[in-house]
Amino acid sequence: MAAMTAAHTELKKGDVILQVRNLVKHFPVRLGLIQALRTKVPPVLKAVDNVSFDVYKGEIFGVVGESGCGKTTLARTILRLTDATSGSAILEGTDIMSLSPPEMKKLRKKMQVIFQDPYESMNPRMDVQTIISEPLRIQGIVRSVHEARDIVARVLADVEMLPPEEYMTRYPHELSGGQRQRVAVARALSVDPDFIVADEPVSMLDVSIRGEVLNLMLELSRSRGVTFIYITHDLATARHVCDRIAVMYLGKMVELGTADEVIGNPLHPYTQALIGAVFVPDPRHRGFADILKGEIPSPVNPPSGCRLHPRCPYAIDRCKAEEPEFRTFEGTHQAACHLVGQFGKS
Ligand code: SF4
């Protein structure tokens with residue numbers, strides 16, 4: 001991976017672009033007839049459970065966690081691709097959760113998404129020019145084919161697909177995986193959004209080209225001030241590109257801070273375990289599986305108190321009974337654990 005690293009710029013409180021407050025997304029669990037008749041309270045899957053955070057203008061905000069931790073549901077809920085159970089997500093003064101469908105359509109221009117599989121998210125029968133100009137047409141941003149073509153050429157140049165004319169007439173199957181993901185980024189950029197959610201944008205790409213796409217995100221956040229929410233299971237790539245990182249476990253945010261704070265001085269046992277699994281090459285060092293006991297529990301029936309307590313080597317009785325508050329420790333570094341500072345790092 002190239003040597004470029006995140007800017008980790010001084011981010012001021014006043015620069016907030018998105019405020020997420022107490023966001024909850026529960027899904028009803030389907031039961032068989034007999035089970036349904038026997039059940040007094042229908043079970044729900046608690047995918048996102050009371051999550052709050054701010055995203056600053058121009059930053060790359062990473063949301064990291066294992067598969068099933070709720071990070072993709074969090075992103076889909078913020079984008080209103082699924083409705084929240086409760087809570088708010090305020091984008092520059094507008095609560096996304098309270099908008100009617102026509103108001104939502106207008107706001108879509110401000111928030112774009114890049115999916116994990118660029119091939120799946122593109123119509124194979126459309127050429128690159130049509131794919132990129134589609135959101136321009138849907139949003140009514142352009143009045144002529146010429147105007148659309150100019151914007152397509154500009155955003156293709158922004159994602160370093162040069163000369164743009166050479167790529168406009170190609171179809172998705174004529175592009176490499178990395179080029180397809182660049183087209184996905186160009187399509188997101190075409191409507192000049194305020195922020196882009198990138199959901200595992202490199203996990204399906206060859207390792208050799210992941211760095212290219214991540215560096216492109218970095219470059220766009222620096223040169224054009226585009227804000228990214230980067231959803232990933234991969235702490236190593238998050239460290240590479242993110243200004244700040246939030247760590248999720250079983251629907252809850254357990255740690256949040258600058259990339260340097262979270263990776264260099266993890267406060268939460270879950271983050272310590274993740275880092276131990278990724279960054280410690282010494283096989284004698286305790287890895288993720290050794291630090292945390294057992295499997296991740298079901299989000300349908302999550303543990304009481306701190307959700308990590310059945311797996312946490314430091315758990316005490318209080319952890320079973322009382323959910324830890326999300327507290328600020330040093331600087332902007334926050335974590336939800338009763339015992340921060342009272343146990344040794346793994
Ligand atoms: Fe472990 Fe208790 Fe901290 Fe949860 S609150 S992470 S169980 S020590």
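Just above, that's the structure.
One structure accompanies this document, and this report is about it. Note that the coordinates shown come from a computational prediction; the quantities given were computed from them, not determined experimentally.

This brings us to the sheet that holds strand β2 (residues 44-56). Read from one edge of the open sheet, 4 strands run β2-β1-β4-β5, paired in antiparallel fashion. With partners counted over all chains shown, the strands left at the sheet margins are β2 and β5 (94-95), one partner each. Helix α2 (residues 71-78) contacts β1 (16-28) and β2 of the sheet and is inclined by roughly 115 degrees relative to β1.

Contacts to the ligand come from H268, P269, C306, L308, H309, C312, Y314, A315, C319, C337, H338 and L339. Along the lines of polarity and charge, the residues of the shell around the ligand split into 9 nonpolar, 3 polar and no charged.

Turning next to the side chain of T73. Here T73 is to be found in helix α2. On the accessibility criterion, T73 (18% relative accessible area) is buried. In this structure T73 touches K25, F27, A47 and V48, once residues within four positions along its chain are discounted.

L156, Y230 and I245 are the most contacted members of the largest nonpolar core, which has 65 residues in total. Considering each element in turn, this core owes the most residues, 7 residues, to helix α8 (residues 207-223). Look past the residues within four positions of L156 in its chain and what remains in contact with it is V128, I132, M161, P164, Y167, M168 and A186.

The element strand β8 (residues 227-232) is extensively covered by neighbouring structure, given that 6 of its 6 residues are classed as buried. Side chains of β8 alternate between two faces, with T227, I229 and I231 and F228, Y230 and T232 buried alike. Here strand β3 (residues 60-64) pairs with β8 via 5 bridges, running parallel. When the sheet's bridge partners are listed, V64 is paired in β8 with T232. Note that strand β7 (residues 195-199) and β8 share 5 bridges and pair parallel. Across the sheet, F195 pairs through a bridge with T227, a residue of β8. Following the chain from β7 across α8 to the adjacent parallel β8, one finds a crossover that is right-handed.

Time to look at the packing of helix α4 (residues 128-138) against helix α7 (residues 177-189). The N-to-C vectors of α4 and α7 enclose an angle of 35 degrees; their axes lie 7 Å apart at closest approach. At the point where α4 passes α7, the crossing takes the right-handed sense. Within the contact between the two elements, α4 uses V128, I131, I132 and P135 and α7 uses V183, A186 and R187. Here the residues of the contact of α4 with α7 sort into 6 nonpolar, no polar and 1 charged.

If charged atoms from side chains of opposite charge come close, those side chains can pair. Taken as a whole, this structure holds 15 salt bridges when the rule is applied. As a salt-bridge pair, E212 and R182 come within 3.3 Å of each other at their nearest N and O atoms. Residue E212 is located in helix α8, and its partner R182 is located in helix α7; the two are separated by 30 residues in the primary sequence. Connected via shared salt-bridge partners are K57, E92 and K110.

Criteria and cut-off values
- Residues numbered from 1 in each chain as written.
- Predicted model: local features only at pLDDT ≥ 70, side-chain atom pairs only at ≥ 80, totals over all residues.
- Heavy atoms only, no water.
- Pairing = 2+ DSSP bridges.
- Helix = DSSP H or I, 4+ residues; strand = E, 2+ residues; numbered from the N terminus.
- Contact = heavy atoms within 4.5 Å.
- Axes fitted to C-alpha atoms, helices over the stretch in contact; angles between N-to-C directions.
- Near = heavy atom within 4 Å.
- Nonpolar A, V, L, I, M, F, W, Y, C, P; charged D, E, K, R; others polar.
- Buried < 20%, exposed > 50% of the residue type's maximum accessible area, 1.4 Å probe, protein only.
- Core = buried A, V, L, I, M, F, W, Y, C linked by side-chain atoms within 4.5 Å.
- Right-handed = clockwise from strand over helix to strand, strands pointing away.
- Left-handed = near helix turned anticlockwise from the far one by under 90°.
- Salt bridge = Lys/Arg side-chain N within 4 Å of Asp/Glu carboxyl O.

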